[in-house]
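Descriptive analysis of the structure
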Amino acid sequence: MTTALQVVWLRSDLRCYDNASLHHAMQQGPTIALFIASPLSWQQHDMAMLKQNLLRRRIEQMQQELASIGVPLLAIEGSDYSMAVDVFAKLLPLNIAAVHCEVEYELREQQRDASVQQLLVRHQVAWCSYDRLCGFAPGSITTADGGMYKVFTPFKRNWLQRYHQTGVTVLPKPKPQPAMEIEWPELPAMQPASELPGDWPVAEVAVLERMRDFCQQKVQQYKTQRDFPAIDGTSMISPYLAIGLLSVRQCIKRLELEAANTLQQADSGAATWLSELIWRDFYKHVLVAWPNLIKHQAFQSYTSAIRWSKDEALFTAWCEGRTGYPLVDAAMRQLNQTGWMHNRLRMVVASFLVKDLHLDWRWGERYFMSRLIDGDFAANNGGWQWAASTGTDAVPYFRIFNPVTQSKRFDPDGDFIRKFVPELADVSAKRIHWPHPVAADCGYPAPIVDHATARQRTLELYQDAKS
Ligand SMILES: Cc1cc2nc3c(=O)[nH]c(=O)nc-3n(C[C@H](O)[C@H](O)[C@H](O)COP(=O)(O)OP(=O)(O)OC[C@H]3O[C@@H](n4cnc5c(N)ncnc54)[C@H](O)[C@@H]3O)c2cc1C
């Protein structure tokens, strides 16, 4: 009888350092790893092709990284999540003792895991799951009566209290195990990744270096620079957090090392960056506490009565960056061309879709998922509901961004606009935020709505829904 194997099922933890599944599996015995590409399920989640490609590239790279510690990784081409049960049924003859994986919170993922778990239990295979997607697991940061916070600030206070008491831990990369020969069952191999445009390395060491360099060189200026899309002032690590090539704990630990002297000062760049990482935790905790959000329901139930416009022409103009509002258009074109958008711009375009065009925030949420390389359900849903004032935010619905004022404030010289709206390349910094009517001569569209009128209409829409 051969020694029973430990299986690491990789999903949202595509890394070798600080990987609880890999760490514990290798402590228990000879380990193999498994990844199932699931393009049909990814499509159901509106996952951007760029993100799918990032996943595939990472797995190709990870095969080499795991091989260096003696762990063979079987990467399979599946269809939808239901195929996972068949895959495990075919792996069972390898003599499996346990399957290790990181918890995923979304609905279809939970259903998939429940089916696999049932199969494994029938065959006396242990199921070991680890809840380490956040700094602190959902359900562990609660109000005095054990509930989840509905607003961020007290959540953050409690999170920081816990952090100061216990800190966070990261796990080392496991030591190599002896090489293994595995007779894999017949299963379709994962399709190779295609070209990945942009500067998105997939080697673990390169990504850890990117995060370290940010903490060493940029985090001190983060508070003052993070809102300006023309400046390279944020970490650009969200795609890696989204696929688990980085863990949030690694970020916190690195921040402690590189910015120990300022992290305790509430208004420092380091503390501000930590606060953003806590936002990420917050939205995941919210999702687990209110699972209806996964079904795209609004957090503030009264807002389900809002009578959204169904104007598809306006939606198309927004998607294509043809609204006549230069900062909105530059942002949408950045998203379409690169799969990325700066956080300030995500807030501006989301507010514009909902409060200037009066379109349902779910249209925008879905479009973002289908384009973003860092698409993450909890952060995206949280960001959209924040912008639409349908979510956990304490700020009321009458906070409405003025897209021209935002443009003057956060792209004062118009450098970002010129980069993505070439029609306006020769327009002066003074005029670029509102280049009408002269912009028509350069082929730039006229504004599709009047902001002041739209603002008034928004107030009526929300007021009507409330009453
Ligand atoms: C409408 C809208 C949609 C969004 N959709 C997504 C999404 O699909 N995926 C995603 O990762 N983020 C999303 N965000 C949050 C934020 O815009 C991105 O995390 C950020 O721009 C990523 O850039 P960065 O890695 O340079 O971030 P940094 O500024 O360096 O911050 C570090 C990390 O903190 C986390 N973070 C920062 N801001 C937020 C936030 N507001 N909410 C939650 N986490 C945050 C991210 O993991 C980020 O990588 C969205 C925000 C809005 C307003």
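Let us look at the structure shown here. This one's a predicted model, so the numbers in the text were calculated from it and none came from an experiment.

This paragraph deals with the packing of helix 7 (residues 204–218) against helix 10 (residues 248–258). When two helices pack together, you describe them by how their axes are tilted relative to each other and by the distance separating the axes. Close contact between helix 7 and helix 10 brings their axes to 9 Å; oriented N to C, the two are set at 40°. By the angle class used here, helix 7 and helix 10 are oblique. In terms of crossing hand, the pair formed by helix 7 and helix 10 is right-handed. Along its contact with helix 7, which presents Leu-208, Met-211, Arg-212, Cys-215 and Gln-216, the element helix 10 presents Gln-250, Cys-251, Arg-254, Leu-255 and Glu-258. Within the contact of helix 7 with helix 10, the residues separate by chemical class into five nonpolar, two polar and three charged.

This part covers the pairing of strand 2 (residues 31–37). Counting buried positions over the seven residues of strand 2 gives seven, a clear majority of the element. Burial of the side chains of strand 2 extends over both faces: Thr-31, Ala-33, Phe-35 and Ala-37 are buried on one face and Ile-32, Leu-34 and Ile-36 on the other. By the bridge criterion, four bridges tie strand 1 (residues 5–9) to strand 2 in an arrangement that is parallel. Looking at strand 2, one finds that Trp-9 is bridged to Leu-34. Remark: the strand 1/helix 1 (residues 20–28)/strand 2 crossover connection has right-handed handedness.

Taken as a whole, helix 12 (residues 312–320) has its buried residues at Leu-314, Phe-315, Ala-317, Trp-318 and Cys-319. At the N-terminal boundary of helix 12, the capping side chain belongs to Asp-311, with an oxygen 3.0 Å from the backbone nitrogen of Ala-313. Looking one or two places after helix 12, you find Gly-321, whose phi comes out positive at around 70°.

Bringing the packing of aromatic side chains into the picture now. Inspection of every chain in the model, using the stated rule, returns 32 aromatic pairs. Ring geometry for Phe-282 against Tyr-283: centres 5.6 Å apart, planes inclined by 45°, an arrangement best described as tilted. The exposure class assigned to Phe-282 is buried, which follows from its relative accessible area of 0%. Residue classification places Tyr-283 among the buried residues on the basis of a relative accessible area of 12%. Look at Tyr-325 and Phe-352: their rings are 5.0 Å apart centre to centre, the planes differ by 55°, and that puts the pair in the tilted class. Highlighted residues: Tyr-325 in the loop between helix 12 and helix 13 (326–338) and Phe-352 in helix 14 (residues 343–356), separated in sequence by 27 residues. Look at Phe-352 and you get buried, because its relative accessible area is 1%. An aromatic cluster is built from Tyr-149, Phe-152, Phe-155, Trp-279, Phe-282 and Tyr-283, whose rings are joined through pairwise contacts. When the ring centre of Trp-340 is taken as reference, the NZ or CZ atom of Arg-346 above it lies at 5.3 Å.

Below, the discussion takes up the pattern of salt bridges. Per the stated rule, a full pass over the model turns up 24 salt bridges. The shortest N-O distance in the salt bridge between Arg-112 and Asp-113 comes to 2.9 Å. Exposure remark for Asp-113: the relative accessible area of 8% places this residue in the buried category. For Glu-276, the salt bridge is made with Arg-226, and the minimal N-O distance between the two is 2.9 Å. In this pair, Glu-276 is assigned in helix 11 (residues 269–289) and Arg-226 in the loop between helix 8 (222–225) and helix 9 (238–243), connecting sequence segments 50 residues apart. One network of salt bridges, with partners in common, ties together Arg-11, Glu-104, Arg-112 and Asp-113.

Quick notes on the rules
- Residues numbered from 1 in each chain as written.
- Predicted model: local features only at pLDDT ≥ 70, side-chain atom pairs only at ≥ 80, totals over all residues.
- Heavy atoms only, no water.
- Axes fitted to C-alpha atoms, helices over the stretch in contact; angles between N-to-C directions.
- Helix = DSSP H or I, 4+ residues; strand = E, 2+ residues; numbered from the N terminus.
- Parallel < 35°, antiparallel > 145°, perpendicular 65-115°, else oblique.
- Left-handed = near helix turned anticlockwise from the far one by under 90°.
- Contact = heavy atoms within 4.5 Å.
- Nonpolar A, V, L, I, M, F, W, Y, C, P; charged D, E, K, R; others polar.
- Buried < 20%, exposed > 50% of the residue type's maximum accessible area, 1.4 Å probe, protein only.
- Pairing = 2+ DSSP bridges.
- Right-handed = clockwise from strand over helix to strand, strands pointing away.
- Polar contact = N/O pair within 3.5 Å; in protein donor to acceptor, adjacent residues only side chain to side chain.
- Phe/Tyr/Trp six-rings, centres within 6.5 Å; stacked < 30°, edge-to-face > 60°.
- Lys NZ or Arg CZ within 6 Å of the ring centre and 35° of its normal.
- Salt bridge = Lys/Arg side-chain N within 4 Å of Asp/Glu carboxyl O.

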